[in-house]
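# Summary of structural features
What follows is the residue order along each chain.
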Amino acid sequence: MRQHDAEQGKRCGAADAKDLTPCEGPLMAVTVLTADGKEMTGCVAHSARQLASLPQARLHPLCCLSPWAVGVYARAATLPPSAWEVGC
Ligand SMILES: [Zn+2]
């Protein structure tokens, strides 16, 4: 059922308010930890964008159990910081 959330127009918790790109897949694929200890759980696309944008951000250790964790890291490595501001 979660895999259809993004298809129903729902937004994940990792989507920046200025980032108008749609979520991809489950809205709770992984959790990003920020340098100041905040957590944001989101889809693969927006979690990768946050990971690429927030200095010292990382995935929650339990994400090693997520089948999407490697994809999030791989995607983040190809993105510029704040991709939504530069049109990526
Ligand atoms: Zn999302």
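Preceding block: the structure.
With that settled, consider the sheet that holds strand S1 (residues 30-33). Within a sheet, adjacent strands bond to each other through the backbone by hydrogen bonds, running parallel or antiparallel. If you walk across this open sheet you meet the three strands as S2-S1-S3, and the pairing is antiparallel. The open sheet is flanked by strand S2 (39-42) and strand S3 (58-59), the only strands paired with a single partner. Both S1 and S2 contribute to a ladder of four bridges, which runs antiparallel. Residue pairing in the sheet places Val30 in a bridge with Gly42 of S2. Contacts between helix H1 (residues 44-53) and the sheet are confined to S1 and S2, with S1 contributing the most and set at about 15° to the helix.

Below, the discussion takes up the nonpolar core. Looking at soluble globular proteins, one finds that nonpolar side chains tend to be buried together. In this structure, Val30, Cys43, Val44, Ala48 and Val72 are the most contacted members of the largest nonpolar core, which totals 21 residues. Among the secondary structure elements, those contributing two or more residues to this core are S1, H1 and helix H2 (69-76). No other element matches the five residues that H1 contributes to this core.

Phi at Gln56 is positive, roughly 65°, even though this residue is not glycine. Of note, Gln56 is situated in the loop between H1 and S3. In this structure Gln56 comes out as exposed when scored by C-beta crowding, with 8 C-beta atoms within 10 Å. Phi at Ser82 takes a positive value of approximately 50°, unusual for a residue other than glycine. Here Ser82 shows up in the segment after H2. The exposure class of Ser82 is partly exposed, given the 16 C-beta atoms found within 10 Å.

On to H1, then. Judged by how many residues are buried, H1 sits mostly within the fold: nine of ten residues are covered. Lining the buried residues of H1 we find S1, S2 and H2.

With respect to the helices, strands and loops of the structure, Leu65 is situated in the loop between S3 and H2. A C-alpha to C-alpha distance of 9.5 Å links Leu65 and Val30, two positions 35 residues apart in sequence.

This paragraph deals with the packing of H1 against H2. Close contact between H1 and H2 brings their axes to 8 Å; oriented N to C, the two are set at 50°. As far as their axial angle goes, H2 and H1 are oblique. Viewed along their axes, H1 and H2 form a crossing whose handedness is right-handed. Contacts from Val44, Ser47, Ala48, Leu51 and Ala52 of H1 reach H2 at Gly71, Val72, Arg75 and Ala76. Of the residues that constitute the contact of H1 with H2, the class distribution is six nonpolar, two polar and one charged.

Reading guide: rules and limits
Residues numbered from 1 in each chain as written. Predicted model: local features only at pLDDT ≥ 70, side-chain atom pairs only at ≥ 80, totals over all residues. Pairing = 2+ DSSP bridges. Helix = DSSP H or I, 4+ residues; strand = E, 2+ residues; numbered from the N terminus. Contact = placed C-beta atoms within 7 Å. Axes fitted to C-alpha atoms, helices over the stretch in contact; angles between N-to-C directions. Core = buried A, V, L, I, M, F, W, Y, C linked by C-beta atoms within 7 Å. Buried ≥ 20, exposed ≤ 12 C-beta atoms within 10 Å, placed from the backbone. Parallel < 35°, antiparallel > 145°, perpendicular 65-115°, else oblique. Left-handed = near helix turned anticlockwise from the far one by under 90°. Nonpolar A, V, L, I, M, F, W, Y, C, P; charged D, E, K, R; others polar.

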